[in-house]
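# Chain and residue survey
If you want the building blocks of each chain, they are given just below.
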Amino acid sequence: MPANEATVLQFRSDPEGDKARAMCGIFGIVGHPEASNLTYLGLHALQHRGQESAGIVASDGHSLQAHREMGLVADIFTAPVLEKLPGGAAIGHVRYSTAGGSQLKNAQPLSVEYVGGHMAVAHNGNLVNAQELRTALEADGAIFQSDADTEVVVHFIARSKQPTFEQKAVEALSKVKGAYSILFLTENKLVAVRDPYGFRPLVLGKLKNSWVLASETTALDLIEAEFIRELEAGEMVVIDETGLHSSQPFQPTRLGRCIFEHVYFAKPDSVLFGTSVYETRKELGRQLAKEQPAPGADLVIAVPDSGVPAAIGYAQESGIPYDVGLIRSHYVGRTFIEPQQSIRHFGVKLKLSAVRQVLKGKRVVVVDDSIVRGTTSRKIVKMLKAAGAVEVHLRISSPPTQWPCYYGIDTPSRQELIASSHSVEEIARYVTADTLGYISLEGLGTAVGDRERTTFCTACFSGKYLTGELNNASAPSTESAPKLAIIA
Ligand SMILES: O=P(O)(O)OC[C@H]1O[C@H](OP(=O)(O)OP(=O)(O)O)[C@H](O)[C@@H]1O
Ligand SMILES: NC(=O)CC[C@H](N)C(=O)O
Ligand code: SF4
Ligand SMILES: [Mg+2]
């Protein structure tokens, strides 16, 4: 493994890669007497972005109060807990670790007292040079409280000699590379910054006299806040008693909005990077039907939840009727994580069940958004055949996932990505599908409206990392990846 890749991977929480993929959600509000209650609701709407831990830090104008726990928002933030978070401003975080283990010490928002007062930070993204920066800070005597990449920013702010908090934050962020949509809370201001590539989303809203920031518009909708706009890549917004001030401390050279947010991560009712996630996913399905038709099929079904809009689009474009062939349990999350492989094996069966009455004797097109290791697809195809489907044609609304993400999505190491070492035909055999078809990278770009192919990051499909130092580091030869046993 080249040295650079080792450096990047050291910060990953799960060296075995044996976990599902997700990311983090952030929410902030300032100028509302019920700031922590509204943050609770906002985090609830963003729960799909992270289920490991959740936290809220509130400011009453003098000091910050924090509560962080492992687990889900609704379980953690009971009324008595929220009562202990008074004040007119708050930020919150739902975490799925990319750097630093899934432990309470890494739960966010991080909060500290330093020479300049109190600060809290909530980060969505991943800093690719965090390990290097941490090593240098530790050599200089810094003592870290967590293993998370985010903490280096806190240290740089505390050490900064700049006169204002926002200037300290800009100085600190100018040292880090990678992805950050980040919120800072002090006693008297909320600061929001988006990295110059704009990898992760961040939107601004208004609720009467208060300002709201959130990873996705779905959180604004829940609290009935008005969507004002998305923060620009490289933009900083400061909200204090004098109002909202925007500046552009970081100049984007090229946008790198995460294309996988549209494919899988974001909630379908959100408007992301200027377009509806639901409409985009339907368009992906239409494009997929054009590129990968399935003539003679009787019906189109989706792998719920994330495959549903694309399956509807596929059915509309192909004229093949849509039906519900798989039912999803409401009691299993999107990221069913089980450390033991033996129990993990049952994950898909616990989550999804086949409708025999719909499938019996049918030639079925099944649409999902992505194949990572191939575990889900393999189990689903077998489940559909066991329920009586006579042919199963698997269609995927993203191109083969061949490269790991270092920008805030916890995709497994390259070796575990089935498409990094297997051809489409080999994957079809592994998952036991009669045929398998993926959308092309060009088709994906067209469906998300990236006409020039210059405004989105596509590295997990294309291997082109926008922070250039990863390009060589992440390109181990595919020959070194073991082939899976292709068994029916
Ligand atoms: O190839 P694999 O490693 O098995 O992973 C791929 C599956 O994981 C995701 O679903 P997930 O269950 O995370 O979420 P969802 O319920 O939102 O579709 C994705 O939509 C695929 O179905
Ligand atoms: N998925 C994320 O955005 C994670 C944020 C941060 N890198 C952490 O691991 O805590
Ligand atoms: S590598 Fe993939 S998942 Fe990561 S930011 Fe780029 S498009 Fe998104
Ligand atoms: Mg899925």
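Residue numbers restart at each chain and count upward from 1, following the sequence in its written direction. Here the convention is simple: chains get letters from A, ligands get numbers from 1, in the order in which they are written. pLDDT decides what is reported in this predicted model: residues at 70 or higher carry local features, side-chain atom pairs at 80 or more are listed and counted, and totals for whole chains, interfaces and linings draw on all residues regardless. With hydrogens and water set aside, each side-chain value is computed from the structure's full complement of heavy atoms.

Looking now at the overall build of the protein chain. Each helix is a run of DSSP H or I of at least 4 residues and each strand a run of E of at least 2, with the numbering of both proceeding from the N terminus. The helix and strand inventory of the protein chain stands at 20 helices and 23 strands. Residues classed as buried in the protein chain amount to 59% of the 488 residues present. Residue burial considers only the protein chains on display, and all accessible areas are found by Shrake-Rupley using a 1.4 Å probe. Of the roughly 19000 Å² that the protein chain leaves accessible, carbon and sulfur atoms contribute 53%. A simple rule labels every residue: compare its accessible area, found with a 1.4 Å probe on the protein chains alone, to the largest value its type can have, and call it buried under 20%, exposed over 50%, or partly exposed in between.

Here we take up the packing of helix 6 (residues 151–159) against helix 7 (residues 165–173). Inter-axis angles, ranging from 0 to 180 degrees, are taken between N-to-C directions of lines fitted to C-alpha atoms, where helices are fitted over the stretch in contact. Taken N-terminus to C-terminus, the directions of helix 6 and helix 7 make an angle of 130°; their axes are 8 Å apart at the nearest point. With respect to helix 7, the axis of helix 6 lies oblique. Where helix 6 crosses over helix 7, the handedness of that crossing is right-handed. Touching Val 153, Phe 156 and Ile 157 of helix 6 are Phe 165, Lys 168, Ala 169, Ala 172 and Leu 173, all from helix 7. Looking at the contact of helix 6 with helix 7, its residues break down into seven nonpolar, no polar and one charged. Between 65 and 115 degrees an angle is taken as roughly perpendicular, under 35 as roughly parallel, over 145 as roughly antiparallel, and anywhere else as oblique. The handedness criterion is simple: a crossing whose near helix is rotated anticlockwise from the far helix by less than a right angle is left-handed, and one whose near helix is rotated clockwise is right-handed. Whether two residues are in contact is decided by their heavy atoms: any pair within 4.5 Å suffices. Gly is put with the polar residues, along with every residue not named as nonpolar or charged; the nonpolar set is Ala, Val, Leu, Ile, Met, Phe, Trp, Tyr, Cys and Pro, and the charged set is Asp, Glu, Lys and Arg.

Let us look at helix 15 (residues 375–386). To estimate how far a helix should reach, multiply one less than its number of residues by 1.5 Å. Along its twelve residues, helix 15 runs 17 Å from first to last C-alpha, staying within 8% of the 16 Å computed at 1.5 Å per residue. Every buried residue of helix 15 is listed here: Ser 377, Arg 378, Lys 379, Ile 380, Val 381, Met 383 and Leu 384. The first or second residue beyond helix 15 is Gly 388, which carries a positive phi of 110°.

Aromatic rings from Phe, Tyr and Trp, taking only the six-membered ring of Trp, are treated as a pair when their centres fall within 6.5 Å; an angle between ring planes under 30 degrees marks them as stacked, one over 60 as edge-to-face, and anything in between as tilted. Scanning the model with the defined rule gives ten aromatic pairs in all. Summarising the aromatic geometry, the rings of Phe 199 and Tyr 407 are spaced 4.1 Å apart at their centres and angled 25° between planes, so their arrangement reads as stacked. One end of the pair, Phe 199, is in the loop between strand 8 (190–194) and strand 9 (203–207); the other, Tyr 407, is in the loop between strand 21 (391–396) and helix 16 (418–421), and 208 residues separate them in sequence. Across the pair, Tyr 407 and Phe 199 agree in class, each one buried.

In this section: the pairing of strand 2 (residues 53–59). With respect to burial, strand 2 is a largely interior element, seven of its seven residues being buried. In strand 2, alternate side chains face the same way, and those of Ser 53, Gly 55, Val 57 and Ser 59 on one face and Ala 54, Ile 56 and Ala 58 on the other are all buried. For two strands to pair, DSSP has to find at least two bridges joining them. With seven bridges connecting them, strand 2 and strand 3 (residues 64–70) associate as antiparallel partners. By the bridge assignment for strand 3, Ile 56 is matched with His 67. Taken together, strand 2 and the strand that follows it, strand 3, pair antiparallel across an intervening segment of four residues, in which Gly 61 is found at a positive phi of about 95°. Across seven bridges, the pairing between strand 2 and strand 4 (residues 89–95) is antiparallel.

Before going further, it helps to spend a moment on the sheet that holds strand 21. Within the open sheet, the four strands sit side by side as 17-20-21-22. Their pairing is parallel. Both outer strands of the open sheet, strand 17 (299–302) and strand 22 (435–438), are each paired with one neighbouring strand and no more. Strand-to-strand twist of the sheet, defined as the mean angle between neighbouring strand axes without regard to direction, takes the value 25°. Of the pairings in the sheet, the one linking strand 17 to strand 20 (residues 363–368) comprises four bridges and is parallel in character. By the bridge assignment for strand 20, Ile 301 is matched with Val 366. Sheet contacts for helix 15: strand 17, strand 20 and strand 21; angle to strand 21, the most-contacted strand, approximately 150°.

If a single non-hydrogen atom of a residue is within 4 Å of a molecule or strand, that residue counts as near it. Residues in close proximity to ligand 3 include Arg 200, Cys 258, Ile 259, Phe 260, Cys 405, Tyr 407, Ile 409, Cys 457, Ala 459 and Cys 460, which together make up its full environment. Looking at the shell around ligand 3, the elements that each hand over two or more residues are helix 9 (259–265) and helix 19 (459–462). Broken down by class, the residue content of the shell around ligand 3 amounts to nine nonpolar, no polar and one charged.

Along helix 5 (residues 130–139), the positions that sit buried rather than exposed are Ala 130, Gln 131, Leu 133, Arg 134 and Leu 137. Projection of helix 5 onto a plane perpendicular to its axis shows the buried side chains occupying an angular sector of 160°, all on one side. Across from the buried face of helix 5, at angles greater than 90 degrees, the exposed residues are Glu 132 and Ala 139. Directions drawn from the helix axis to the C-beta atoms are what define this arc.

Our focus in this paragraph is the site of ligand 2. Around ligand 2, the surrounding shell holds 15 residues, and the nearest of these are Cys 24, Arg 95, Asn 124, Gly 125 and Asp 149. Between Cys 24 and ligand 2, the recorded distance is 3.3 Å, taken from a backbone N or O atom to a nitrogen atom. Identification of polar contacts relies on pairs of N or O atoms within 3.5 Å, with a donor-acceptor requirement for protein atoms, meaning one able to donate a hydrogen and the other able to accept it, and with residues adjacent in sequence counted only if both atoms are side-chain atoms. Between ligand 2 and Asn 124 there is a distance of 2.8 Å, counted from an oxygen atom to a side-chain nitrogen or oxygen. Protein coverage of the free-state accessible area of ligand 2, which is 300 Å², stands at 100%. Looking at the shell around ligand 2, the element that brings in the most residues is strand 6 (residues 117–127), giving four residues.

Quick look at the nonpolar core now. The biggest cluster of nonpolar side chains holds 45 residues, and the ones touching the most others in it are Phe 260, Val 300, Tyr 314, Val 365, Val 367, Tyr 407 and Leu 444. Looking at this core, the elements that each hand over two or more residues are helix 9, helix 10 (277–291), strand 17, helix 11 (308–318), strand 20, helix 18 (441–447), strand 23 (456–457) and helix 19. The dominant element in this core, judged by the number of residues it contributes, is helix 9, at five residues. The residue makeup of this core includes at least three contributed by each of domain 1 (3–253) and domain 2 (275–452). Ignoring sequence-local partners within four residues, the contact set of Leu 444 consists of Ile 259, Val 263, Leu 284, Pro 399, Ile 439 and Phe 461. For this analysis, a nonpolar core means a set of buried residues of the types Ala, Val, Leu, Ile, Met, Phe, Trp, Tyr and Cys, connected via side-chain atoms within 4.5 Å. Domain delimitation follows an automatic or database domain assignment.

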